[in-house]
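A look at the structure
Residues per chain, in single letters:
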Amino acid sequence: MTATPASTDRPVPVARCNLHDLTLRESAAVVEVNAPPHAPEWSGWLAEIGFLPGERVQLLGRAVPGGDPLVVRVGDSTFALRVAEAACVQVQPLQVAER
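Anyway, here's the lowdown on the structure attached to this text. Everything numeric in this text was worked out from a predicted model, so none of it was measured.

**Re the overall build of the protein chain**
- Per the secondary structure count, the protein chain includes two helices and seven strands.
- Secondary structure elements in the protein chain, listed N-terminal to C-terminal, are β-β-β-α-β-β-β-α-β.
- Buried residues in the protein chain amount to 34% of all 99 residues.
- Sequence separation of 24 or more characterises 70% of the internal contacts of the protein chain that already satisfy a separation of 6 or more.
- For the protein chain, the computed accessible surface area is about 6,100 Å², with 54% contributed by carbon and sulfur atoms.

**What about the environment of Ala39?**
- When you line up the elements, Ala39 lands in the loop between β3 (27-33) and α1 (41-48).
- Measuring from C-alpha to C-alpha, the distance between Ala39 and Glu85 comes to 9.7 Å, with 46 residues separating the pair along the chain.

How each quantity is defined
Residues numbered from 1 in each chain as written. Predicted model: local features only at pLDDT ≥ 70, side-chain atom pairs only at ≥ 80, totals over all residues. Heavy atoms only, no water. Helix = DSSP H or I, 4+ residues; strand = E, 2+ residues; numbered from the N terminus. Buried < 20%, exposed > 50% of the residue type's maximum accessible area, 1.4 Å probe, protein only. Contact = heavy atoms within 4.5 Å. Areas by Shrake-Rupley, 256 points an atom, 1.4 Å probe, with all protein chains shown as cover.

In structure tokens:
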């Protein structure tokens, strides 16, 4: 027997992925930021603009054609990120429990 959650509209975590792998309008929480060896400063820069563990993010758009850059909301701010930068941000997607 499985328990039914008391609140049916709270976020339910699913598998981790990179920020650029989210579907449009999908919400997630930042897990960690890992800069590539060729650009270690990206970690600090991404942290400065709000990509911190636990912060809520959402992928709002992809450029046409090619899908680069991305439009991403972190907290109450919206930024354009290159796919390479978004690939540094590991997130935990959140899904709202079905009613």
